[in-house]
Amino acid sequence: MTNANTNAGNLHPLFHPAAHYASPEDVLNDNELSAPEKRIILSSWASDMFAVESCPALREIPGMARTIRLADILAALRRLDGEDDDPPPGGVPMRLRRPWAAALRRSA
């Protein structure tokens, strides 16, 4: 990972956010950024471009000292949108019972 902190001190945080923020929470807490600017930074961090190949739930952002969990970035985006709740559970399909399948097994 490259260290982008060396020459980014004079740049606006929007141009090189990894040099100014250590976490999604830091982005949310910056009162100098507008909501759209915060959304730009967080959305760029959530991008698949920064996904860790062996662990897609993590993001490795150049200039940051550590990897960031995608879940933390998405939670920050939800808070920015005024949605403090976690998303509903899901993602794993449920196996539905087929009433006719039991009849087929009994007749076989």
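Preceding block: the structure.
One structure accompanies this document, and this report is about it.

Definitions and cut-offs
Residues numbered from 1 in each chain as written. Predicted model: local features only at pLDDT ≥ 70, side-chain atom pairs only at ≥ 80, totals over all residues. Heavy atoms only, no water. Helix = DSSP H or I, 4+ residues; strand = E, 2+ residues; numbered from the N terminus. Contact = heavy atoms within 4.5 Å. Areas by Shrake-Rupley, 256 points an atom, 1.4 Å probe, with all protein chains shown as cover. Pairing = 2+ DSSP bridges.

Some details on the overall build of the protein
Inference 1: Summing up its helical and strand segments, the protein has four helices and three strands in all.
Inference 2: Listing each helix as α and each strand as β along the protein from the N terminus yields α-α-β-β-β-α-α.
Inference 3: Long-range contacts, defined here as pairs at least 24 residues apart, represent 43% of the contacts in the protein between residues at least 6 apart.
Inference 4: Within the structure as shown, the protein displays about 8,000 Å² of accessible surface, and the carbon and sulfur contribution to it stands at 54%.

Examining the sheet that holds strand β3 (residues 68-69)
Inference 1: Spatially, three strands are ordered β1-β2-β3 in an open sheet, and the strand pairing comes out antiparallel. Taken across any chain shown, the strands that pair with only one partner, and hence form the sheet edges, are β1 (51-52) and β3.

Brief notes about the pairing of strand β2 (residues 55-59)
Inference 1: Pairing geometry for β1 and β2, over two bridges, is antiparallel. Each residue of the ladder has a partner; that of A51, found in β2, is R59.
Inference 2: Between the antiparallel neighbours β1 and β2 lie two residues.
Inference 3: Inspection of the sheet shows β2 paired to β3 by two bridges, in the antiparallel sense.

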